[in-house]
Amino acid sequence: MILVTGATGNAGGALVRTLAGAGAEVRALVRRQVDLPAELAIGDLNDPESVAGALAGVRGVFLLSGYDRMAETLAAIARAGVQHVVLLSASAAEAADLGNPVSKYHVESEALVRESGVPWTILRPRTFMSNTLRWADQLRSGNVVREAFPDVAVATVDPLDIAAVAAASLLEKGHDGQVYGLTGPAALRPADRVRILGEALGRELRFEGLSDDEARAQLLAGMPEAYAEAFFGFFARGELDESAVLPTVLQVTGRPPRTFEEWAAANAKAFG
Ligand SMILES: NC(=O)c1ccc[n+]([C@@H]2O[C@H](COP(=O)([O-])OP(=O)(O)OC[C@H]3O[C@@H](n4cnc5c(N)ncnc54)[C@H](OP(=O)(O)O)[C@@H]3O)[C@@H](O)[C@H]2O)c1
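Residues numbered from 1 in each chain as written. Predicted model: local features only at pLDDT ≥ 70, side-chain atom pairs only at ≥ 80, totals over all residues. Heavy atoms only, no water.

Focus on the side chain of Ser169
Quick reminder of the rule: A run of H or I in DSSP counts as a helix once it spans at least four residues, and a run of E counts as a strand once it spans at least two, with each numbered from the N terminus. For every residue, the accessible area obtained with a 1.4 Å probe (protein chains only) is divided by the maximum for its type, and the residue is called buried under 20%, exposed over 50%, and partly exposed between those limits. Pairs of N or O atoms within 3.5 Å make up the polar contacts considered here, provided that, within protein, one atom can donate a hydrogen while the other can accept it, and that residues adjacent in sequence are counted only when both atoms are side-chain atoms. Note on contacts: a residue pair is in contact if any heavy atoms of the two residues lie within 4.5 Å.
As for its position among the elements, Ser169 is in helix H7 (residues 159-171). Judged by relative accessible area, which is 1%, Ser169 ranks as buried. A polar atom in the side chain of Ser169 sits 2.8 Å from the backbone oxygen of Val165. Dropping the residues within four chain positions of it, Ser169 is found in contact with His84, Val86, Thr121, His175 and Tyr180.

Describing the pattern of salt bridges
Spelled out, the test is: We define a salt bridge as a contact between a side-chain nitrogen of Lys or Arg and a carboxyl oxygen of Asp or Glu at a distance within 4 Å.
In this structure the tally under the stated criterion is 19 salt bridges. Put simply, Arg124 and Glu94 hold a salt bridge, and the shortest N to O gap is 3.6 Å. On the criterion of sequence distance, the pair formed by Arg124 in strand S6 (residues 120-125) and Glu94 in helix H4 (residues 92-95) is long-range, its members being 30 residues apart. Assessed through its relative accessible area of 13%, Arg124 is described here as buried. In this structure, Arg124 engages Glu110 in a salt bridge whose closest nitrogen and oxygen atoms are separated by 2.7 Å. Linking Arg124 in strand S6 with Glu110 in helix H5 (residues 101-115), this pair joins segments that are 14 residues apart in sequence. When salt bridges that share partners are traced, they join Glu94, Glu110, Arg114, Arg124 and Arg126 into one network.

Structural notes on the site of the ligand
Stated formally: To be near a molecule or strand, a residue needs just one of its heavy atoms within 4 Å of it. Here the Shrake-Rupley method, with its probe set to 1.4 Å, supplies the accessible areas, and only the displayed protein chains count as covering residues. Residues are grouped as follows: nonpolar covers Ala, Val, Leu, Ile, Met, Phe, Trp, Tyr, Cys and Pro; charged covers Asp, Glu, Lys and Arg; every other residue, Gly included, is treated as polar.
Not every one of the 23 residues close to the ligand is listed here, only the nearest: Thr8, Arg31, Arg32, Asp44 and Leu45. Note that an oxygen atom of the ligand is positioned 2.5 Å from one of the side-chain N or O atoms of Thr8. The contact in question runs from a nitrogen atom of the ligand to an N or O atom on the side chain of Tyr67, over 3.2 Å. When the ligand sits alone it has 910 Å² of accessible area, and the protein chains cover 76% of it. Sorting the residues of the shell around the ligand by element identifies helix H1 (10-21) and H5 as the ones contributing at least two each. In the shell around the ligand, the residues fall into 10 nonpolar, nine polar and four charged.

What follows is the structure, given as structure tokens:
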């Protein structure tokens, strides 16, 4: 049995479907009743006792980074005899600047996993292709996408590839102690993604870059101020470079990472 946390989200949801499709037994830790191809366990990542209650018969755990009392959660995972933890971290952990709160929570989560005594694999994906879903509201009312950091190219990764690497790490041998940086096959600026999405939707989309002040306001609308400032540092001040294309998805899964064209075609309906 594999326990997947974040199972209603982009990465965890893709993993539930990938594992179920591979015929693995899957349990999803969820905060409310939902429809998933998995057994459900109601729990909260900020409540280690609730995670402990979901661990009977579990041999592998897919764990999100940055929740409260994570040392206690990992102690419960170790006590339950779990054989492997896959941590969903981020490239922010490579920035390793503990003054940046996003880097800090990923660095600290990684350290706790390494110290847990449970064999582990750490995933450090770059920005997810699915973040593009945030454009859906703008595209319902017109053909203009206004987005922050127009000059920043990111080797954005499809959550399906994160799931494929996580599934391989949980189901196969040979991934203990590995830290996998995960990217897609190309570094794309927002304008590139707008062009590719427009082609998938059959619409003439136009891109407008936000000013730094507008970018800050956009970030602040979606997250606490400290995190907004952290992402501003990453991408406006260049404290994080996600432009390098890495071979990891190909090396782990045996097939090239999915393109943004594939993601856009598969998710076109969400922009209708
Ligand atoms: N998005 C990116 O570009 C990116 C890049 C690198 C790393 N990451 C990492 O990947 C993680 C997942 O990203 P995503 O796009 O898959 O996120 P997402 O779609 O927003 O999903 C978040 C998931 O976490 C669950 N969750 C939130 N708080 C919880 C809690 N207290 N207890 C249990 N479950 C809880 C949510 O469940 P509910 O349905 O109950 O809310 C949901 O299933 C991020 O949090 C980040 O650490 C993301």
